[in-house]
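Examining the three-dimensional arrangement
Spelled out from the first residue to the last, the chains are:
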Amino acid sequence: MSDIEIRDDRAAGRLEAVGDGGEVVGRIEYFVLESPAAALVPVHTVVEPAHEGKGIAGSLARELYALAARDGVPVAPLCPYVVKWAARHPEEAPAADPGLLSAAKDWLRAHPGRF
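I will try to describe carefully the structure that is included in this document. (Residues numbered from 1 in each chain as written. Predicted model: local features only at pLDDT ≥ 70, side-chain atom pairs only at ≥ 80, totals over all residues. Heavy atoms only, no water.)

1. A short note on helix α3 (residues 98–110)
With 13 residues, α3 ought to run about 18 Å at 1.5 Å a step, and its terminal C-alpha atoms sit 18 Å apart, in line with that. Listed in full, the buried residues belonging to α3 are Leu100, Ala103 and Ala104. Taken end-on, α3 shows its buried residues confined to a sector of 105 degrees, consistent with a single buried face. Turned more than 90 degrees off the buried face of α3, the exposed positions are Pro98 and Arg109. Against β3 (24–33) and β4 (39–47) lie the buried residues of α3. N-capping of α3 is provided by Asp97, with a side-chain oxygen placed 2.8 Å from the backbone N of Gly99. (Helix = DSSP H or I, 4+ residues; strand = E, 2+ residues; numbered from the N terminus. Expected span 1.5 Å × (residues − 1). Buried < 20%, exposed > 50% of the residue type's maximum accessible area, 1.4 Å probe, protein only. Arc of directions from axis to C-beta. Contact = heavy atoms within 4.5 Å. Polar contact = N/O pair within 3.5 Å; in protein donor to acceptor, adjacent residues only side chain to side chain.)

2. A word on the environment of Leu33
Considering the arrangement of structural elements, one finds Leu33 in strand β3. On the basis of relative accessible area, Leu33 is assigned to the buried category, the value being 2%.

Right, dumping it as structure tokens:
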């Protein structure tokens with residue numbers, strides 16, 4: 001993978017992979033669940049077509065779990081890519097609590113225009 005910087009734009013709900021020229025080449029869109037407990041909830045992963053196959057999505061998923069660990073909160077993944085990544089990396093991605101997953105799905109249904 002070329003020089004990619006990953007930055008968290010918490011206000012916008014995006015973890016972004018930024019390439020050498022400052023271009024956003026990939027992102028995970030997420031929200032912060034507040035109830036019944038705090039959690040990061042990734043909903044969608046996108047890598048620009050010209051940058052696919054370079055490990056960017058995996059780097060984003062890894063950083064999302066590292067960010068959650070630093071914040072002391074779990075990840076409740078709804079994004080199919082992050083779910084698959086977590087299943088392949090259980091040492092880095094603890095299993096999500098079913099109650100948090102259910103609450104995250106309820107939140108998403110209640111905010112249909114968010115993603």
